[in-house]
Amino acid sequence: MSIYKVNKQNMDTIAPLFAGWQESLIWSCLQGCMGEAWADSMEKPKAARIVLADFCYFAGKVNPELITEDIKTHSRDFLIMVPPLDESGEKWAQEIEKAYGERCKRVERYAIKKEPGIFNINKLQQIVGSLASEYEVKMIDEDIFRQTREQDWAKDFTSQYADYEEYHRRGLGAAVTHQGRLIAGASSYTVYCGGIEIEIGTQEEYRRQGFASVCGAKLILECMERGLYPSWDAQNKWSVALAGKLGYHFERVYPAFEIYL
C-alpha cells in the first residue's frame, strides 16, 4: 500500500471524504488556496489527509500510512492531528496514539459556530474605541509584519506567508502597538475563498487587559467591510470566552492530538 500526493487540480477526488467538515483549513486546501493533501488512491480514494500549517485532518477509512508516511514536510517538528468526527474517528485516534506513543498528547479543542451575519457592528466598534490613548490599533503593515517574525509569540500571525508582499495580497490582520512596538494582534492564520481563519494573541506582560478583544473586533470589522467571514477555532476556554465577547457562539468540544515529530 502507498499514499499519493493530491494535486490542486484533483482535489475534487478527495472532497467527498471531507463532506460535512465545518473547518476552514480543510476548505482552504480543497479550494487550492493553501495546504497539501494525500490519499490512498489517485482515482478512487477511500482515505485522505490534509495538512495545513500546524494542523493535519484525516477522513475516510482508517489508513495507518496516512498517519505516518511523508508526515514531516517543511521540516516541521510539531503537528496537531484531528481525527474525523464520524464513527471512524475513534479508530483513527487509536492508530494515531499507536503510531506516536509518548510523542502524542490527546487534548480537547473547542469548535466555534460559523454564523454569517451575527456580528454587532456597534458593539465591535465600542470595543475598538475602548483602547486607552497611549496605545494604537491599526491594520498590520510592513513594520508590524516584520515584528511578527522577530517575536516568538507572534510568529503565527504571518507564518503561512512567504513575505510581506504575499501577506499584503492574501492576508490581513489588526494589531495593538505601544510606542510602535507590537503587543497584541489578530491575523489571518490561513485564508480560504470567502474568509480567513483567525490567529489571535498578546505578549505575555500585556495579557488580561483587553488588547486581544480590541484586535479581534478591529479584524472582524475589517472582514465585514471586505465581505470575508472571520472563522474562529479555540484552543482553550479563554479563547472560547473571548470569541463569545466578540459575538461568536460555542459549538462543541472535539478531540485532537498534539504530535511532536
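Conventions adopted
- Residue indices begin from 1 for each chain and proceed along its sequence in written order.
- In keeping with the predicted nature of the model, local features appear solely for residues at pLDDT of at least 70, side-chain atom pairs appear and are counted solely at 80 or more, and the whole-chain, interface and lining totals rest on all residues.
- Remark: hydrogens and water are excluded; side-chain values derive from all non-hydrogen atoms of the structure.
- Strand pairing requires that DSSP identify at least two bridges connecting the strands.
- Every helix listed is a DSSP run of H or I at least four residues long, and every strand listed is a run of E at least two residues long, numbered separately from the N terminus.
- What counts as an axis is a line fitted to C-alpha atoms, over the stretch in contact for a helix, and the angles between N-to-C directions run from 0 to 180 degrees.
- Here the angle decides the label: under 35 degrees means roughly parallel, over 145 means roughly antiparallel, 65 to 115 means roughly perpendicular, and every other value means oblique.
- If you view the pair so one helix is near and one far, a crossing is left-handed when the near helix is turned anticlockwise from the far one by less than a right angle, and right-handed when it is turned clockwise.
- Whether two residues touch is decided by their heavy atoms; if any such pair falls within 4.5 Å, the residues are in contact.
- We define a polar contact as two N or O atoms separated by no more than 3.5 Å, with the added condition that, inside protein, one atom must be a possible hydrogen donor and the other a possible acceptor, whereas residues neighbouring each other in sequence contribute only through side-chain atom pairs.
- Computed over the protein atoms alone on a 1 Å grid, cavities are sets of points where a 1.4 Å probe fits but cannot get out and pockets are open sets with protein on both sides within 12 Å along at least five of seven lines; a residue lines them when it has an atom within 4 Å of a point.
- Grid points are joined across faces, edges and corners, and a volume is the space filled by probe spheres set on the points.

Undergrad: Talk me through the sheet that holds strand 9 (residues 181-192); I want residue IDs and the actual numbers.
TA: Pairing is mixed across the open sheet formed by 5 strands, whose spatial order is 7-8-9-10-11. One side of each edge strand has no neighbouring strand; the edge strands of this open sheet are strand 7 (136-139) and strand 11 (229-231). Each strand of the sheet is rotated relative to its neighbour by a mean of 30°, with strand direction disregarded. As paired strands, strand 10 (residues 195-202) and strand 11 are joined by 3 bridges and run parallel to one another.

Undergrad: A description of the pairing of strand 6 (residues 104-112) should follow, citing residues and the corresponding values.
TA: Taken together, the 9 bridges between strand 6 and strand 13 (residues 250-260) define a ladder with antiparallel strand orientation. From the neighbouring strand, R106 faces strand 13, where its bridge partner is F257. The sheet contact formed by strand 6 and strand 12 (residues 233-234) spans 2 bridges and is antiparallel. Bridge pairing links A111 to D233 in strand 12.

Undergrad: Describe in detail the packing of helix 7 (residues 211-226) against helix 8 (residues 237-246), supporting the description with residues and values.
TA: Working note: a packed helix pair is described by the angle between its axes plus the distance between those axes. Running from N to C, helix 7 and helix 8 point in directions that differ by 50°, and their axes come no closer than 10 Å. Between helix 7 and helix 8, the crossing angle belongs to the class labelled oblique. Where helix 7 crosses over helix 8, the two elements pack in a sense that is right-handed. Of helix 8, the residues touching helix 7 (which contributes A212, S213, G216, A217 and I220) are W238, L242, K245 and L246.

Undergrad: Give me the lowdown on the side chain of S41, citing residues and values where you can.
TA: Position of S41 among the secondary structure elements: in the loop between strand 2 (36-39) and strand 3 (47-52). Within polar-contact distance, the side chain of S41 engages the backbone nitrogen of K44 at 3.1 Å.

Undergrad: Give me the lowdown on empty space enclosed by the protein, citing residues and values where you can.
TA: The final tally for this structure, using the stated rule, is 2 cavities of 30 Å³ or more. Quantified by volume, the largest cavity comes out at close to 110 Å³. Considering the residues around the largest cavity, the lining is formed by 13 residues, among which Q22, E23, A111, D233 and R252 are closest to the centre. Taken together, the elements giving at least two residues each to the lining of the largest cavity come down to strand 6 and strand 13.

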